[in-house]
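Below are the chains, spelled out letter by letter.
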Amino acid sequence: MSPTVDLTNDGDIAVLTIDSPPVNALSADVRDGLAAGFAAAIADPLVRAIVLICAGRTFIAGADISEFGKPPRGASLHQVQLDMEASPKPIVAAIHGTALGGGLEVALACHYRVAVPSAKLGLPEVKLGLLPGAGGTQRLPRLVGVEQALKMVTSGVPIGGKAALSFGLVDELAPEGELLATAKAFAGRSGLALIQVRDRNEKVEAAHANAVTLFADFRKANARAMRGFEAPEANIKCIEAAVNLPFADGLAFEREQFMHLMNGLQSKAQRYAFFAERMANKIDGLPADAKPLPVESVGIIGAGTMGGGIAMNFLNAGLPVTIVETKQEALDRGVATIRKNYENTAAKGRMTAADVEARMALLTPTLSLEDLGQADMIIEAVFENMDIKKEVFGKLDRIAKPGAILASNTSYLNVDEIAASTSRPESVIGLHFFSPANVMRLLEVVRGARTDVQVLATAMATAKRIGKVAAVSGVCHGFIGNRMLSLRQQQAQALLLEGALPEQVDRVLYDFGFPMGPFQMSDLAGLDIGWSADTSKGATIRDRLCEAGLRGQKNGHGFYDYDAQRNRVPSPVAEKIIFDFAAEKGIQRRDIDDTEILERCLYPMINEGALILAEGMAQRASDIDIVWIYGYGWPVYRGGPMFWADHQGLAKVAAGLTRYGFEVAPLLAKLAAEGGSFTGQV
């Protein structure tokens, strides 16, 4: 039929096979092949029914998103679906691997669906700021019901074969390895009716009676998760259309909503982030054939919050971990915390008690560094002090086996200086996990001046193995993320003195899309982290707050006061400290509007990002954006700070920086003058 679609007959059953590696995406060639294949099978008088199946490891895994934004070519998916539905011969989709997005929408246009239990079926378009644009929002609720359809289209999370059968999304499960035979037997049944999903209205009609309440309750229950995003609400509206409108009208409404999202900035940002995440793995100076070293055992030094969280990543991946502490009490506390975290997950039904025990069985606690002698990778997670870290690495140099990777979890310090305390700097690398390390997806991989390419390749491969998104940074104070964060923090503190209040700054950044603002975050982390009463000089607002006994959430008093449920209200004590400190400094407080707060918190970060790029500390602007999306809660629908700056207009950003008294980074000034951009996405 085409280079990607093959048609064969097995008796009176036609088998249409898509073979378009790696994931059988719905490219123009595939769509053309489907159109020709179905037409030929329908026209063949010897054919009684048609099976649609895919070669390789998966069913159609989605649209070919490389075609997005380009002139259309090839057969339209909508027309292919109409031809399928109108077929006078039943079409059975045979599903293995993943049937996602457009792939599931093709299956929904078939008369029947057979799947193996391991198959995953879903509509993940919401993760790209979109909705299913080929009838998915109209057909899915007709099979699985309105509530399940709402969950699937707004989360983008697929369901397994067994769940798909229970919800009515598939009609039969095939034993693993017997999919084609089962699908052909199903298609060969006598009297198989031509059931079009579009005509199955029972489940959408059943939702009519309480539709208003059902949709209102769903919106309310998911308001926090969907905050700021346009696509989830558009998906909900389309499911509402499936309930309230005839199929054809619902389809037209879905198309209208799809095009609105496709042409909007949020989807552009989310699609950019999708590709940026993949681009971050392409590293200058790292040969494509650089073979990662084997990592089958891991040592972690430090069983505190960070060390324990790091350990959980490896335990979850099935890797044995030896964790070291200096005192038995700290070691016991760390191990107990790991167990408690797993037990809490099990209590929520996300793992079994056996899973908990299997992970804990992989953990070896010890007080002896010598026990790390055979570890393939050792990660240091001790106090953020250069002397301490150099002492630890000096000991590891004597203990670790040849070829072991020695990694530091430092968040600021010079990895090259740490490496110099060993006789093998080529084996040293920075692996900056973010807290809580078992939850946050970012791993900042810090490449030292002498880090071996094989060690770097191993770090990237290990990140993928433990489910992290890795971005490479060069060696500089704070690397990519914290270096930029420090600029935001400085401005947030300055804004307090000049006239803003903590709750105003926090609200502006929360409304922008961050999970929380800087002062709420400070309270959560603890105001006294890194603070000492013995050395405090009252030189900052934080010093004054700590000297007054304010510690943040841990004692109920910080920039905010907290009740037992951690509900917060602005602290009058903190406010007085801020006012008094400003008066001491001779600062005349003034009204500061939200625009100034946002620009002063974000523009200096972008300026620093430009310096980071110019210095080669980040390879590309999109790597910076990935760091901020996955490590600091930058809203993905705004694409990251560098993408956002491009769409603000770099000339506007540069002018704002000048207005607020900053020296504009040369790269930013150059791009602004040329009408250029950091990301090439404007």
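Worth saying up front: this structure is predicted, and the values here are computed from it rather than measured. Residue indices begin from 1 for each chain and proceed along its sequence in written order. Given that the model is predicted, a residue must reach a pLDDT of at least 70 before its local features are reported, and side-chain atom pairs must reach 80 or more before they are shown or counted; all residues, however, enter totals for whole chains, interfaces and linings. Just so you know, side-chain values use all the structure's heavy atoms and leave hydrogens and water out.

Colleague: Please clarify how the packing of aromatic side chains should be interpreted in this entry.
Modeller: Think of a pair of aromatic rings as described by two things: how far the centres are apart, and how the planes are tilted against each other in angle. Classification of ring pairs rests on two measures: the distance between centres of Phe, Tyr or Trp rings, Trp counted by its six-membered ring, which must be within 6.5 Å, and the angle between planes, read as stacked under 30 degrees, edge-to-face over 60 and tilted in between. Under the criterion given, the structure shown has 14 aromatic pairs. Ring plane angle 45° and centroid distance 6.2 Å describe the contact between tyrosine 603 and tryptophan 644, whose orientation is recorded as tilted. A residue pair is termed long-range when its members are at least 10 positions apart, and tyrosine 603 in helix H25 (residues 594-614) and tryptophan 644 in helix H27 (residues 641-648) qualify at 41 residues. Classification of residues uses two cut-offs on accessible area relative to the type maximum, computed with a 1.4 Å probe and protein chains only: under 20% is buried, over 50% is exposed, and between them is partly exposed. Judged by its relative accessible area of 1%, tyrosine 603 is buried. The exposure class assigned to tryptophan 644 is buried, which follows from its relative accessible area of 8%. Clustering of aromatic rings is evident, with ring pairs tying together Phe512, Phe514, Tyr603, Trp634 and Trp644. Charges are assigned to positions over rings by a cutoff of 6 Å between ring centre and Lys NZ or Arg CZ, combined with an angular limit of 35 degrees from the ring normal. Taking the ring centre of tyrosine 560 as reference, the NZ or CZ of arginine 568 above it sits at 5.4 Å. Positioned over the ring face of phenylalanine 512 is arginine 638, at 4.3 Å from the centre of the ring. A helix here means a DSSP run of H or I that spans at least four residues, while a strand means a run of E at least two residues long, and both kinds are numbered starting from the N terminus.

Colleague: What's the story with helix H9 (residues 211-221) in this structure? I'm lost.
Modeller: For an α-helix the count is 3.6 residues per turn, leaving residues at separations of three or four pointing the same way. Buried within H9 are the following residues: Ala211, Leu214, Phe215 and Phe218. When H9 is viewed along its axis, its buried side chains cluster within an angular range of 90° and face the same direction. More than 90 degrees from the buried face of H9, the exposed residues found are Val212, Lys220 and Ala221. When checking whether two residues touch, look at their non-hydrogen atoms; a contact exists if any pair is within 4.5 Å. Against the buried residues of H9 lie helix H5 (146-155) and helix H11 (231-244). Directions are taken from the helix axis to each C-beta atom, and the arc is the one they span.

Colleague: How do you make sense of the sheet that holds strand E17 (residues 469-473) when you look at a structure like this?
Modeller: The strands that make up a sheet are held in pairs by hydrogen bonds between backbone atoms, and each pair lies either parallel or antiparallel. Strands sit in the order E12-E11-E10-E13-E14-E15-E16-E17 across an open sheet of 8 strands; the sheet is mixed. Of all the strands in the sheet, just strand E12 (363-366) and E17 have a single pairing partner and so form its edges. Direction aside, neighbouring strands of the sheet carry axes that sit 25° apart on average. Strands are treated as partners if at least two bridges between them are detected by DSSP. Sheet analysis places strand E14 (residues 405-408) next to strand E15 (residues 428-433), joined by 3 bridges and oriented parallel. Bridge assignment links serine 408 to a residue of E15, and that residue is glycine 430. Angles shown run from 0 to 180 degrees and are taken between the N-to-C directions of axes, each axis being a line fitted to C-alpha atoms and, for helices, limited to the stretch in contact.

Colleague: Is there a simple way to explain the pattern of salt bridges in this structure?
Modeller: Any two side chains of opposite charge can pair, on the condition that their charged atoms come close. Whenever Lys or Arg places a side-chain nitrogen within 4 Å of a carboxyl oxygen from Asp or Glu, that contact is recorded as a salt bridge. Evaluation of the coordinates by the stated rule reveals 35 salt bridges. Measuring nitrogen to oxygen at the nearest pair gives 2.8 Å for the salt bridge that ties glutamate 233 to arginine 219. In this pair, glutamate 233 sits in helix H11 while arginine 219 sits in helix H9, placing the two residues 14 residues apart along the sequence. Since its relative accessible area comes to 26%, glutamate 233 is described here as partly exposed. For arginine 219, a relative accessible area of 23% translates into the label partly exposed. Arginine 507 is the salt-bridge partner of aspartate 511, the closest N and O atoms lying 3.8 Å from each other. With aspartate 511 and arginine 507 both in helix H21 (residues 502-512) and 4 residues apart, this pair spans about one turn of that helix. A relative accessible area of 48% places aspartate 511 in the partly exposed class.

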